[in-house]
Each structure stands twice: as C-alpha cells, then as structure tokens.
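Residue-level structural notes
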Amino acid sequence: MDSNNFLKISEFGRLGKTSRKMLIHYDKIGILKPAYTDPNTKYRYYSIQQIKSLAMIKSLQAIGVSLGEIKEKYLNTNMKDYLKNLKKEEKIIEKKFAEIQMAKKILADKLNCLEEIIELKDEIEFKLREMPLRYLVYSNIRSKNLEDLPPVILSLEKKILEKDVLVMGDVAAVKKSSKNKEEEEISLGIFSKVDKSAEGVQNHKFDKGDYLCFYRKGFFLDGENSHIVEEWCIKNGYTVVGETVIIPLLLPFLNIEGSMYQVQIRVKKL
C-alpha cells in the first residue's frame, strides 16, 4: 500500500476536527476503522472518503445518539433500515432545534428585561407590548409567604404535559378583579400554550393583544400603582380590559436583593 494516498491519523483528525484519542477509540469499538493499518508500525491511515463517515458519526452524537446505537443502527445494516433510522434522527433534530429556538427567545426576553431594569429611573416607566395567546394553569392561594409557594408550582408541573408548558419552571401570578377586596385571591400558575381545562385543571385565558408593562419590587400588588395606570390610559387613549399579571424576572422564590417583577396589564385602544 502506498501511504501517500492516505491521510495519517493526525491529518485526518485535523480535517474532521476530531482528536487522535477519539479516533483511536472509534477504531477500538468498531465504529470507524482506518482504511489501512500498517502491520509493522501499527500506524493508522484513513481515506479522504471517510471524512463523510466521521461527519455522520459526530452529527448523530451531537443529537444524543450513543456510540452503541450508532454501531447497532448504522453499521452493517441494509439501506431500508438505514433510511428509516435517519428519518427518526431527523425528527429528533427538528425537535431539538425548536427547543433551542425557544431557549434563545426566552434568553433574549430575559436579557431585554434585565437591561431595561438596569437602565430604569426612579419613576415607573411604561411600555406597551404585544403578547401571544397564553393560558395560565393555576391554583388559588391565600398565603402571601413566598416560602409556601414552591409546592404549588411543583403540583402544577406534574399535571401539565411538558410539551404544553410555555416556559417550564417559569411562574406568574394573577390578581383577579373584585369589588370586595377582602375576597380577592391570588392565582399562581404556569403559562401553557394550550387550554388544559378539559383535563380538570383550572386555567385562565390571556388573549393575544396589547399589554401595558412596567417593573416593580415585590410579588404581590397592593393597589398602590393603580392610579398611575389609570392616568397612563387616560393620557394615551387606552382602557384596562383584563387582570393584572405579575412575572418574576429572576429565579422565583429566592430572596435576591433588588429582585424585580414585571407587571402586565391587558389594555385596549379606545
């Protein structure tokens, strides 16, 4: 064999962005064996065509397919099964991509909120934002002690399918409008993309539309800001048409000094 027609393991690894140690491991477990191994020096040599095989192995590993599964499903198999397995992996990639896109959006929203908080002045600053259709799957609570709230959230998460939760682990509270303030209750819950009432779980629908947003300290509203919301609406030609939503921007239930909460109030143009 003329070794000049092959790539040394270091060259092959550099082209395939894979370490020499990993290539030797692939060889030992039978995932990707060299095109030729010198019987005297034991040096490993690879063909340029094997770059495609290496790329496929790394792609499958990137989406969580184990080396054992790769060996079982993609080596010494017929074309029909190979195609069938690849289609399954394609669906996994699509799901992971959607999850990454959602994670990116969540991160962008958090960064945007935190940047706004840092730049806040002493007075309350209002911003009008369009929000998507959401359902808050909730439980009514009477306690205003934040230490009593985590069990409520854990119970709700067990009742909701993960695929339906808008943001897993993210919570919000709603203060329902009532003329009798002594009977007011706080509804604490998790945002869902779908209506879960058919499954025996309480949820509150928040329609797509404009929400007046601002920031404040403290999870529970005490009505101190109601007059300035009314003043903003009168000045800008809006009216309040929904309940107040309070969303923690940092880790919920942690006593972080300076923690802020975003308040969202559904409004409508007159």
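Conventions and cut-offs
- Residues numbered from 1 in each chain as written.
- Predicted model: local features only at pLDDT ≥ 70, side-chain atom pairs only at ≥ 80, totals over all residues.
- Heavy atoms only, no water.
- pLDDT = per-residue confidence, 0-100.
- Helix = DSSP H or I, 4+ residues; strand = E, 2+ residues; numbered from the N terminus.
- Contact = heavy atoms within 4.5 Å.
- Pairing = 2+ DSSP bridges.
- Salt bridge = Lys/Arg side-chain N within 4 Å of Asp/Glu carboxyl O.
- Buried < 20%, exposed > 50% of the residue type's maximum accessible area, 1.4 Å probe, protein only.
- Core = buried A, V, L, I, M, F, W, Y, C linked by side-chain atoms within 4.5 Å.
- Phe/Tyr/Trp six-rings, centres within 6.5 Å; stacked < 30°, edge-to-face > 60°.
- Lys NZ or Arg CZ within 6 Å of the ring centre and 35° of its normal.

Once that is clear, we can look at the confidence of the model for the protein chain. Across the protein chain, the average pLDDT comes to 76, with 71% of residues at 70 or higher. For the protein chain, the element scoring lowest by mean pLDDT is helix H6 (residues 150-159), at 54; helix H2 (residues 20-29) scores highest, at 94. Confidence over residues 160-169 falls short of pLDDT 50; this stretch has 26 contacts with residues more than four positions distant or in other chains. Within the model, the stretch residues 251-257 combines pLDDT values under 50 with 9 contacts to residues more than four positions away or in other chains.

The antiparallel open sheet is built from 3 strands, whose spatial order is E1-E3-E2. The open sheet has two edge strands, strand E1 (7-8) and strand E2 (36-37), and neither has a second partner. Both E1 and strand E3 (residues 44-46) contribute to a ladder of 2 bridges, which runs antiparallel. Residue pairing across strands places Lys8 opposite Tyr45, the latter belonging to E3.

Attention shifts here to the pattern of salt bridges. Applying the stated rule across the entire model yields 4 salt bridges. Across the pair Lys205 and Asp207 runs a salt bridge, and its minimum N-O distance is 3.4 Å. Lys205 gets classed as partly exposed once you look at its relative accessible area, which sits at 45%. Residues joined by salt bridges that share partners form a network here, namely Asp27, Lys33 and Arg44.

Soluble globular proteins: nonpolar side chains tend toward being buried together. Phe12, Leu23, Tyr26, Leu32, Ile57 and Ile70 are the most contacted members of the largest nonpolar core, which totals 17 residues. Aside from chain neighbours lying at most four places away, what touches Leu32 is Phe12, Leu23, Tyr26, Asp27, Tyr46, Gln50, Ser53, Leu54 and Ile57.

Looking now at the side chain of His204. Within the element layout of this structure, His204 appears in strand E8 (residues 203-206). Not counting residues within four places of it along the chain, the set of residues in contact with His204 comprises Arg134, Tyr135, Leu136, Tyr138 and Glu243.

Now for the packing of aromatic side chains. All told, the structure shown has 6 aromatic pairs when counted by the stated rule. Each ring, one from Phe12 and one from Tyr46, has its centre 4.3 Å from the other, and the planes form 5°; the classification is stacked. With a gap of 34 residues between them, Phe12 in helix H1 (residues 9-16) and Tyr46 in strand E3 connect regions that are remote in the sequence. Since its relative accessible area comes to 0%, Phe12 is described here as buried. With relative accessibility at 0%, the residue Tyr46 sits in the buried group. An angle of 45° between the planes, with centres 6.2 Å apart, marks the rings of Phe126 and Trp232 as tilted. Taken together, the residues Phe126 in the loop between helix H5 (79-118) and strand E4 (127-131) and Trp232 in helix H7 (residues 226-236) connect sequence positions 106 residues apart. Ring-pair connections join several aromatic residues into one group, and the members of that group are Phe126, Phe214, Trp232 and Tyr238. The ring of Tyr211 is capped by Arg134, whose NZ or CZ atom sits 5.1 Å from the centre of that ring.

Located in the positive-phi region is Lys17, a residue other than glycine, with phi close to 55°. Locating Lys17 in the fold gives a position in the loop between H1 and H2. With a phi angle near 65°, Lys42 is a residue other than glycine that sits in the positive phi range. Considering the arrangement of structural elements, one finds Lys42 in the loop between E2 and E3.

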